[in-house]
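Overview (structure and organization)
Listed here are the chains, written in short residue letters.
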Amino acid sequence: METANAQELLRSNLSRVRIPEPTNRVYKSECCVSFDNPRSEGGLYIDMNTFLAFGKDCAGWNYEKTGNPVYLHIKQTRKLIPEDRPSKKPTLLAIGIEGGFDNNEAEYEVTYSIVVLPGHVTFPFPSVELPEKVVRLAADAILRAEGAERKEQLAAWTADTKKVSAHAMDLKQINNGVVIPPSGWKCVKCEKRDNLWLNLTDGFILCGRRNWDGTGGNNHAIDHYKETGHPLAVKLGTITSDLEAADVFSYPEDDSVLDPLLAQHLSFFGIDFSSLKKTEMTTAERELDQNINFDWNRIQESGQDLEPIFGPGYTGLVNLGNSCYMAATMQVVFSTQSFSSRYYKNQALKLAFETAPSDPTVDLNMQLTKLGHGLLSGKYSVPAPEVCEIEAICHFKILETRRITSSHVQSGRCCKSS
Ligand SMILES: [Zn+2]
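The model shown is predicted, which means the values in this text are computed figures rather than measured ones.

The next subject is the sheet that holds strand 3 (residues 70-78). Strand pairing in a sheet relies on backbone hydrogen bonds. The paired strands run either parallel or antiparallel. Spatial strand order, 2-1-3-4-5: 5 strands in an open sheet with antiparallel pairing. In this open sheet, the two strands that pair with only one neighbour each are strand 2 (53-54) and strand 5 (121-125). Where strand 1 (residues 44-47) meets strand 3, 4 bridges bridge the pair, whose relative direction is antiparallel. Bridging from a neighbouring strand, Leu-44 pairs with Ile-74 of strand 3.

Here the focus is the packing of aromatic side chains. Remark: the centre distance and the inter-plane angle together describe each pair of aromatic rings, the angle taken between the planes. Scanning the model with the defined rule gives 10 aromatic pairs in all. Taking 5.2 Å as the distance between ring centres and 15° as the angle between the ring planes, the aromatic pair formed by Tyr-225 and Tyr-251 counts as stacked. Of this pair, Tyr-225 sits in helix 5 (residues 220-228) while Tyr-251 sits in the loop between strand 10 (248-250) and strand 11 (255-258); the two residues are 26 residues apart in sequence, bridging distant segments of the chain. What makes Tyr-225 partly exposed here is its relative accessible area of 21%. Overall, the relative accessible area of 10% leaves Tyr-251 in the buried class.

What follows deals with empty space enclosed by the protein. As enumerated under the stated definition, the model contains 1 cavity of 30 Å³ or more in all. Approximately 30 Å³ is the volume attributed to the largest cavity. Taken together, Trp-197, Leu-198, Asn-199, Leu-206, Ala-221, His-224, Ala-233 and Tyr-251 make up the lining of the largest cavity. At the level of elements, strand 7 (196-199) and helix 5 are the ones that each hand at least two residues to the lining of the largest cavity. No other element matches strand 7, which puts 3 residues into the lining of the largest cavity. Looking at the lining of the largest cavity, its residues break down into 6 nonpolar, 2 polar and no charged.

Buried together is how nonpolar side chains tend to be arranged in soluble globular proteins. Ranked by internal contacts, the top residues of the largest apolar core, which has 42 residues, are Leu-10, Val-33, Met-48, Phe-54, Leu-72, Ile-114 and Phe-123. Taken domain by domain, this core gets at least three of its residues from each of domain 1 (3-145) and domain 3 (295-409). Trp-185, Val-234, Tyr-251 and Leu-266 belong to the second-largest nonpolar core, a separate cluster that totals 31 residues.

Turning our eyes to something else, we now look at the pairing of strand 4 (residues 108-116). Sheet analysis places strand 3 next to strand 4, joined by 9 bridges and oriented antiparallel. Bridge pairing in strand 4 links Leu-72 to Ile-114. From the end of strand 4 to the start of strand 5, which pair antiparallel, there are 4 residues, and His-120 there has a positive phi angle of about 55°.

Moving on: the coordination of the zinc ion. The protein atoms that coordinate the zinc ion are Cys-187 (SG), Cys-190 (SG), Cys-207 (SG) and His-220 (ND1), at distances of 2.0 to 2.3 Å. For the zinc ion, the 4 donor atoms in the first shell make angles of 97 to 116° at the metal, a pattern classed as tetrahedral. Written as a sequence motif, the donor arrangement for the zinc ion is C-x2-C-x16-C-x12-H. You can see Cys-187 sitting in the loop between strand 6 (163-164) and strand 7 and its partner His-220 sitting in helix 5, a full 33 residues away along the chain.

Residues of helix 5 that are buried include every one of His-220, Ala-221, Ile-222 and His-224, and no others. For helix 5, the elements touching its buried residues are strand 7 and strand 8 (205-207). Looking one or two residues past helix 5, Gly-229 carries a phi angle of roughly 75°, positive in sign.

Let's shift gears to the side chain of Asn-68. Within the secondary structure layout, Asn-68 lies in the loop between helix 2 (56-66) and strand 3. Among the polar contacts made by the side chain of Asn-68, one reaches the side chain of Arg-16 at a distance of 2.9 Å. Non-local contacts of Asn-68, meaning those with residues more than four positions away in its chain, are made with Arg-16, Asp-47, Asn-49, Thr-50 and Tyr-63.

A few words now on the packing of helix 10 (residues 337-345) against helix 12 (residues 364-376). Axis separation between helix 10 and helix 12 bottoms out at 8 Å; the angle between their running directions is 105°. With respect to each other, helix 10 and helix 12 are oriented roughly perpendicular. Contacts from Ser-340, Arg-342, Tyr-343 and Tyr-344 of helix 10 reach helix 12 at Asn-365, Leu-368, Thr-369, Gly-372, His-373 and Leu-376. Among the residues making up the contact of helix 10 with helix 12, the classes are represented as 4 nonpolar, 5 polar and 1 charged.

The rules we used
- Residues numbered from 1 in each chain as written.
- Predicted model: local features only at pLDDT ≥ 70, side-chain atom pairs only at ≥ 80, totals over all residues.
- Heavy atoms only, no water.
- Pairing = 2+ DSSP bridges.
- Helix = DSSP H or I, 4+ residues; strand = E, 2+ residues; numbered from the N terminus.
- Phe/Tyr/Trp six-rings, centres within 6.5 Å; stacked < 30°, edge-to-face > 60°.
- Buried < 20%, exposed > 50% of the residue type's maximum accessible area, 1.4 Å probe, protein only.
- 1 Å grid on protein atoms, 1.4 Å probe; cavity = no way out; pocket = protein on both sides within 12 Å on 5 of 7 lines; lining within 4 Å.
- Points joined across faces, edges and corners; volume = space filled by probe spheres on them.
- Nonpolar A, V, L, I, M, F, W, Y, C, P; charged D, E, K, R; others polar.
- Core = buried A, V, L, I, M, F, W, Y, C linked by side-chain atoms within 4.5 Å.
- Domains from an automatic or database assignment.
- Donors = N, O, S within 2.8 Å, 3.2 Å for Na, K, Ca; no water.
- Tetrahedral: all angles 85-135°; square planar, octahedral: opposite > 155°, others 65-115°.
- Contact = heavy atoms within 4.5 Å.
- Polar contact = N/O pair within 3.5 Å; in protein donor to acceptor, adjacent residues only side chain to side chain.
- Axes fitted to C-alpha atoms, helices over the stretch in contact; angles between N-to-C directions.
- Parallel < 35°, antiparallel > 145°, perpendicular 65-115°, else oblique.

Everything listed is a geometric property; what it means functionally is a separate question.
Here it is, written out as structure tokens:
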């Protein structure tokens, strides 16, 4: 299509493009109907009207169902790693996280474009050729938003652990004239400017704990608690208008906690939380990332020679924390005749999507059909690409043979790309 025609097409569909508000859930890492993701062959399409994500086929179904024509397309392509890539010297006793042991993670290149269906008219993004400001603003906001999938993972991770602190409701705050500025914080006892904790009793800003290897802070916040007994501190840089997500730590309870009066406790020190931006990871986010990056599956059967098996019915599920119990249950349930016929053999994925309500992510029938098709179709259980055959220990082999499990269907992948 000629540039002018393409731009006219986009312009005529602008009424269907929305800029996401902070309260909108923005899906951008997995299709809501299948297990396709930005690394799948067709990439991932974000509906710029509903912010739901779709694999290539499902985006077509969504266009048929809703008429929404404009999509932000995200495609991650694996980079080839030169064989002589020098391995970095680890500084942490961990695998796959910054400073830890290199686990030969594949690296991906990501490309974005704006696609107008049904003709797949494509505009590179970002690009000066994209004439419409609203499209640029919407695409920027989608990319900046915290993905709904990650929020759900975090909620699942912290669901059982975060409780209301016993010290929150009757916390005594000392009025010593402290007013906390919106940025530019520093530990009052040292030069640390990150990993800082605001004591909610007296307004002292102090650095976090020192890690065993010398990284982290200088223990000034916890030392302050030991001297004063002031129980609660909030991590600066984790406070946003979503107050429940702020990282509040209780020293006497030795745990991350909820403070139902946090808004009041912050305003005592002049903090307007609605204007603050997130600049630091919470404890839960760090734990989740470490858990995901540390591949527990890889060590479970080290040294054993396992025969890889592939195909329908041999699809594993990835673990999130200790979700292997849930995943194993799902594997058993979907191996029964009644579940496999109800949610796979006798129910097409497309039909489930067509009959689902406008938000398919909360529809039980849709999500069970998605899981049934993911597990039983064999689409996500394929032999590892040839490039991986040189690997001595293939993660994929372990995973597929044991049918290890969790919240996401494991696609056919090997240790190089996991
Ligand atoms: Zn300090």
